[in-house]
Amino acid sequence: MAELTCSTKEQSSLSLFPETGPRQGGTRLTIIGENLGLKFEDVRLGVRVGKVMCIPIESEYISAEQIVCEIGDASPSKIQDAPVEVCVRDCSPSYKAIAPKSFTFVNPTFSQVAPSQGPLSGGTWISIKGKHLNAGSDITVNVGDQTCAFSWRNAGEIRCKTPHGKVPGEASISIHINRALLRSPEVAYYYTEDPTIQKIDPEWSINSGGTLLTVTGTNLATIKEPRIRAKYGSAERENNCTVYNDTTMVCYAPSIDNPVRSPSELGDRPDEIGFVMDNVQALLIINKTNFVYYPDPVFESLPSGMLELKPSSPLILKGRNLLPPATGNSRLNYTVLIGDTPCALTVSETQLLCESPNLTGQHKVTIKAGGFEFSPGTLQIYSDNLLTLPAIIGIGGGGGLLLLIIIIVLIAYKRKSRDADRTLKRLQLQMDNLESRVALECKEAFAELQTDIHELTNDLDGAGIPFLDYRTYAMRVLFPGIEDHPVLKEMEVW
């Protein structure tokens, strides 16, 4: 809401609603504040919206607090944003105020309706899309020449429920916003023949409902949100339907569970069964169907609430009323969950055989069938492994530790090998250096030796080689160091 202020003490802040309206006028503008005159005569001619008079309505005037006035026709003027001026008494400058935010004149329009068709009986919620649809103070929507029951609106949409049509076919839409009349030749709503129901298959369900029903009929696609209903004793409930085409839809059977009455094992017909299809009264109760409700299945709980199994062992769930004695080929569809995992099922009249999935540990068992749900207990599934979990953890930990030790030894060995390689290379280098030095010394010694022999050869060439006589040479060789040997003496012959 826009605020209206005045510099005098006679008037204080005011608020305006609405802030937009059609040019054709008729919008009732509400002004709320303080010191708005002591009597109606003080403000009778004191409100203007731009150059357009806003005529106060005496029946809605509240002394000093509220003025409600009706804005006149602004069509001749092209102004869009018009200041709101309020005068009290003689409209002197001391008793006049102008709103800081102007009132806006707009041209509301609409361009679309959804859904664009519905049953002749009406009752369909439609949305009309457009611009400035929240303008003005009053609104009326007509489909054909009947009023569409208004629900709410904003700037881009109006929501209303269609009235009963007169004949199937096209119906124009018109909107009155105060004195403005909105029409759109391109937008129309179509009334169709009311839908009919021909067959429900299967014609049975269980006490908790929730089973799938295939419904065939005519003009079913006309209804956007159909629902199936059932009444049984004190229970009266509805459930959702999904439309596939004009002749087929699928519904979930409603529950008839109540503490006072329950169906027998042979089945029991509900007091009423029918469909909620907008305002089509003929389908609320269908008398030509032989629909029957059977009691819910009953299952035995697991021993002590927990059962121990191996993964390969099947789970057997015993009970009664597992297969309702209904005619036809339809059967109650069961789902058994081990935890969150479904298992493969074999169903008989007294038990469910569940091939338990490949799981281990503790899991809750849940049985579902339509709207029925029951948990018989908890399943403890043990592993087929010979080793227990602590043993597996211990072996894993020991293996990991051994692997760590081996890695550490390999790292140490690699470091030692690197040190040994460095030492070997250092010794090899020292040996190479030593060998080089020895070779150099040998070469120098050989050179010196050659020099000595050369000098000796030169001496021999000058003095000659000394020679001993044979006897002396032989004695020195045979008897070295002995000058007087008996063999040298002359032998006496006797």
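Above this text you will find the structure in question.
Only a predicted model underlies this, so the values are computations on that prediction, with no experimental measurement involved. (Residues numbered from 1 in each chain as written. Predicted model: local features only at pLDDT ≥ 70, side-chain atom pairs only at ≥ 80, totals over all residues. Heavy atoms only, no water.)

*Asks:* Please set out the sheet that holds strand S32 (residues 341-342) residue by residue, giving values where relevant.
*Replies:* The pairing of strands in a sheet comes from backbone hydrogen bonds and takes either a parallel or an antiparallel form. In space, the five strands of this open sheet follow the order S29-S36-S35-S31-S32, with mixed pairing throughout. Only two strands of the sheet have a single neighbouring strand rather than two, namely strand S29 (306-309) and S32. Pairing of strand S35 (residues 361-369) with strand S36 (residues 372-381), which is carried by eight bridges, proceeds in the antiparallel orientation. Counterpart to Gly361 in the pairing with S36 is Ile381. (Pairing = 2+ DSSP bridges. Helix = DSSP H or I, 4+ residues; strand = E, 2+ residues; numbered from the N terminus.)

*Asks:* Break down the sheet that holds strand S24 (residues 235-243) for me, with residues and values.
*Replies:* Within the open sheet, the six strands sit side by side as S20-S22-S25-S24-S23-S26. Their pairing is antiparallel. Both outer strands of the open sheet, strand S20 (196-201) and strand S26 (272-276), are each paired with one neighbouring strand and no more. Here the average twist between neighbouring strands, direction ignored, is 30°. For S24 and strand S25 (residues 248-252), the ladder comprises three bridges, and the chain directions are antiparallel. When the sheet's bridge partners are listed, Cys241 is paired in S25 with Cys251. (Axes fitted to C-alpha atoms, helices over the stretch in contact; angles between N-to-C directions.)

*Asks:* Go over the pairing of strand S34 (residues 351-355) with me, naming the residues and quoting the values.
*Replies:* As a general feature of sheets, a regular strand has side chains that alternate between the two faces. Because side chains alternate across S34, one face comprises the buried residues Leu352 and Cys354, and the other comprises Gln351, Leu353 and Glu355, none of which is buried. Alignment of strand S30 (residues 315-320) against S34, held across four bridges, turns out to be antiparallel. Residue Ile316 lies in a different strand from S34, and its bridge partner there is Leu353. Note: strand S33 (residues 344-347) against S34, four bridges, orientation antiparallel. Bridge pairing in S34 places Ala344 opposite Glu355. (Buried < 20%, exposed > 50% of the residue type's maximum accessible area, 1.4 Å probe, protein only.)

Limitation: the analysis is restricted to geometry and does not speak to function.
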